[in-house]
Amino acid sequence: MHCQNAPQVGFIMNWQQAALAVLVGAVIGYVTNWVAIRMLFRPLYEKKLLGLHVPFTPGVIPRGKTRLAKGIGDAVGGMLLTEEKVVQHLLRPDSEDKVRRYLDHRIAEMRGRDATVGETFALSPGEQPAADLRQWISTIAVNVAKSDEFRRVAARAAAGLTGSLLDQQVGPSIAMIGRTRFREWLEQLTAGLLEGEAGDNLMGRFITVIENFLNSPRTVREHLPEAMVEGIHQFIDGQAPRIISSIDRYLSSRSAHRAIKNRVNHFFEGTALKRMLNGVFSLLGTGSDALADKLAAEISMFLADEQNQAEIIRRLHQLADEFMEKSMADISAALDEAGKREKAWEIASWLIEKLRHSGLGLSVPEIVEQMAERNSAKTWREIFHIDETGPREALESFFDRLFNQAQSSDKYAQKVKQLAERCVDVVLQAKMSCVLELLPENVKENPGHLALGLYRFLVQKQVPGLVRFLDVNGMIRRQVEELDVLQVEELLLGIMRRELVAITWLGGLLGAVLGLVTVGMQYLAK
């Protein structure tokens, strides 16, 4: 009976050994994989024993965090978030559909509550984002306005506009802008040209022009616009009768009688013959008083005659024409250069003073208005006597100098900054409903379609450059490098926790299989 139970006991002991081998192999495989995975993250820092570096410290992940960060950055930036993939994702039908629904919702909301542009874009006036936008826009505007390219473009545009305006008739062009507004513009222009730095610049300009005028070989008529020549003759026709009347009244005054008498006495005291004649006139009862009265009466009768008046007026016109046919160089030949400079300064000072206080009973804007009214059928080119083929280069050069002087002024940048800030405020306070009404009719009913087209354009043209600018590789690398070791562990475990647990259990399974194989090989060996 003992011999019969021996195989059964051996069999039981073999299965016990096999089970133990499988269990030990499973535990060893599980613990080995668990320790290996644990050593990926632990220890966090380098360990030393008796001053010597302990191998495998710190863990693989803490020790290679920089390499890991670079690998993650290269993987995400080089394979996942490339320019092409980002653009393709943003232009997918479902992405565009989300954008379309969002735009339609926002536009309907804006129309419903009548929001302003600032409220729509979260740029309410008075808040910091709106102030930053005002500062940004005004800085750009000042930099552009002070640039040489802007000055050249503005001078070219001003010259072109001036050339087109010169060919417009005076009357219709003033009517187009309104007489009241034209008058206000003239008053502002006059005040701006005559005061402060502008007045000093105008004074210097007048002096230069007058000096050149005094040295010019051209005739006076060539320097004057045709309208001014006509105005001079019109002035003679209008003022000559008043001048003759004033002379006549003066001749009947006591001061004129006294002046004539003094001239008579002075005449008769010149030589012995003249003194003798004076004595003869005195004996005849026609002394100097009688002669003065007689001369005043004769001159008055002469001036009262209409033919004489007409002749005087004709002679005045003739004298004016003769004067205008002379060259300024001949007229000012008696003056040297210093004298011409001094005379130019005197004339410029007189002009500035007369422009400020005309003394004619009319202001400069009123005089200009009257001149424009009398010549309403003429073009501005005819008014200013400008050649039909006037050089555009001269106008561009003039406006270039004008803009250059403005750019060098301290107030120029301040004015541009204030203008830009006011424009930003006006735009931010404008109602979006009013802005939408400015759209074309085919877009007004569905502005979301236009916004979607703009979205596509921005995605195609700007997103690739934005992705390159962001440098996704470098950004992710830096972010990973800035993470704490525990945060990196949590990041990786969040991605691979289930896989690592599976690997741990797989180690136990493989250990159990190896234990079972070992037992089987031992059994076969016996």
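> Would you mind going over the overall build of the protein chain with me for this structure?
When its secondary structure is counted, the protein chain shows 29 helices and 2 strands. Residues counted as buried form 26% of the 526 residues belonging to the protein chain. Surface accessibility of the protein chain: about 36000 Å² in total, with carbon and sulfur atoms responsible for 62%.

> Would you mind showing me how to read the nonpolar core here?
Here is a general trend for soluble globular proteins: nonpolar side chains tend to be buried in one another's company. Formed by 17 residues in total, the largest nonpolar core has its most connected members in Met-203, Ile-207, Ile-210, Val-220, Leu-224, Met-324 and Ala-348. When contributions to this core are tallied by element, the ones reaching two or more residues are α11 (196–214), α13 (226–251), α17 (306–324) and α19 (337–356). Ignoring any residue separated from it by four or fewer positions in sequence, one finds Ile-207 in contact with Arg-341, Ala-344, Trp-345 and Ala-348. With 14 residues, the next largest nonpolar core counts Val-86, Leu-452, Val-472 and Val-480 among its residues.

> Looking at this structure, how should I read the pattern of salt bridges?
Pairing of side chains with opposite charge becomes possible as their charged atoms draw close. For the structure on display, the rule yields 18 salt bridges. Its salt-bridge partner being Arg-468, residue Glu-83 comes within 3.1 Å of it at the nearest N-O pair. Placement of the pair is Glu-83 in helix α4 (residues 83–90) and Arg-468 in helix α27 (residues 463–470), with a sequence separation of 385 residues. Of the residues examined, Glu-83 reaches a relative accessible area of 23% and is grouped as partly exposed.

> So what exactly am I meant to see when it comes to the side chain of His-233 here?
With respect to the secondary-structure elements, His-233 resides in helix α13. Since its relative accessible area comes to 17%, His-233 is described here as buried. Not counting residues within four places of it along the chain, the set of residues in contact with His-233 comprises His-317, Ala-320, Asp-321 and Met-324.

> It is not clear to me how the environment of Val-170 should be interpreted in this structure. Could you clarify?
With respect to the helices and strands, Val-170 occurs in helix α9 (residues 170–177). Distance in space between the C-alpha atoms of Val-170 and Ser-376 is 4.7 Å, their sequence separation being 206 residues. With near-sequence residues (within four places) excluded, Val-170 lies in contact with Ala-372, Asn-375, Ser-376, Lys-378, Thr-379, Trp-380 and Ile-383.

> Explain the environment of Trp-345 here, please?
In this fold, Trp-345 is placed in helix α19. Each C-alpha atom, one on Trp-345 and one on Ile-210, is 8.4 Å from the other, the two residues being 135 residues apart in sequence. Setting aside its immediate chain neighbours within four residues, Trp-345 contacts Met-203 and Ile-207.

> Just checking my understanding: could you explain the confidence of the model for the protein chain for this structure?
Scored by pLDDT, the protein chain comes out at a mean of 76, with 84% of its residues at no less than 70. When mean pLDDT is compared element by element in the protein chain, helix α7 (residues 128–145) scores highest at 86, while helix α15 (residues 272–283) scores lowest at 50. Low pLDDT (under 50) marks residues 1–13, which in the prediction has 0 contacts with non-local residues, meaning those over four places away or in another chain.

> I would appreciate a short explanation of the side chain of Thr-219 in the present structure.
Looking at the secondary structure, you find Thr-219 in the loop between α11 and α12 (220–223). Overall, the relative accessible area of 17% leaves Thr-219 in the buried class. Apart from residues no more than four positions distant in its own chain, Thr-219 is found in contact with Met-324, Glu-325, Lys-326 and Ser-327.

> Hey, could you run me through the packing of α7 against helix α23 (residues 410–429) in this one?
Angle between the axes and distance between the axes: these two values describe a pair of packed helices. Where α7 contacts α23, the axes come no closer than 8 Å and their chain directions differ by 135 degrees. Of the possible angle classes, the one that applies to α7 and α23 is oblique. In terms of crossing hand, the pair formed by α7 and α23 is right-handed. Along its contact with α7, which presents Ala-130, Leu-133, Arg-134, Gln-135, Ile-137, Ser-138, Ala-141, Val-142 and Ala-145, the element α23 presents Tyr-412, Ala-413, Val-416, Lys-417, Ala-420, Glu-421, Val-424, Asp-425 and Leu-428. Looking at the contact of α7 with α23 residue by residue, the classes come out as 12 nonpolar, 2 polar and 4 charged.

> Please explain α9 as it appears in this structure.
Note that an α-helix has 3.6 residues per turn; residues three or four places apart therefore point the same way. Among all positions of α9, only Val-170, Gly-171, Ser-173 and Ile-174 are buried. Gly-178 lies just past α9 and shows a positive phi near 95 degrees.

> Sorry, what's going on with a nonpolar patch on the surface here?
Together, Leu-23, Val-27, Val-31, Trp-34, Val-35, Met-39 and Phe-56 make up an exposed nonpolar region whose accessible area comes to about 660 Å². Tracing the sequence through the fold places Met-39 in helix α1 (residues 2–41).

> Hey, could you run me through helix α28 (residues 472–482) in this one?
All of the buried residues along α28 are Val-472, Gly-474, Ile-476 and Val-480. In the core, the buried residues of α28 are packed alongside α3 (65–80), α27 and α29 (485–525).

> Just to check I follow, could you spell out the packing of α3 against α28 for this structure?
Where α3 contacts α28, the two axes come as close as 8 Å, and the packing angle between them is 145 degrees. Crossing geometry of α3 relative to α28 is assigned as right-handed. Residue-level inspection shows Lys-65, Thr-66, Ala-69, Lys-70, Ile-72, Gly-73, Asp-74, Val-76, Gly-77 and Gly-78 of α3 in contact with α28, the latter providing Val-472, Asn-473, Ile-476, Arg-477, Val-480 and Glu-481.

> Just to check I follow, could you spell out the environment of Pro-217 for this structure?
Mapped onto the elements of the fold, Pro-217 is located in the loop between α11 and α12. Put simply, Pro-217 and Ala-329 are 112 residues apart on the chain and 5.5 Å apart in space, counted from C-alpha to C-alpha. Apart from the residues lying within four places of it in its own chain, the contact partners of Pro-217 are Ser-327 and Ala-329.

About the cut-offs
Residues numbered from 1 in each chain as written. Predicted model: local features only at pLDDT ≥ 70, side-chain atom pairs only at ≥ 80, totals over all residues. Heavy atoms only, no water. Helix = DSSP H or I, 4+ residues; strand = E, 2+ residues; numbered from the N terminus. Buried < 20%, exposed > 50% of the residue type's maximum accessible area, 1.4 Å probe, protein only. Areas by Shrake-Rupley, 256 points an atom, 1.4 Å probe, with all protein chains shown as cover. Core = buried A, V, L, I, M, F, W, Y, C linked by side-chain atoms within 4.5 Å. Contact = heavy atoms within 4.5 Å. Salt bridge = Lys/Arg side-chain N within 4 Å of Asp/Glu carboxyl O. pLDDT = per-residue confidence, 0-100. Axes fitted to C-alpha atoms, helices over the stretch in contact; angles between N-to-C directions. Parallel < 35°, antiparallel > 145°, perpendicular 65-115°, else oblique. Left-handed = near helix turned anticlockwise from the far one by under 90°. Nonpolar A, V, L, I, M, F, W, Y, C, P; charged D, E, K, R; others polar. Patch = residues over 30% accessible without salt bridge, like charges linked within 9 Å, V, L, I, M, F, W, Y side chains within 5 Å.

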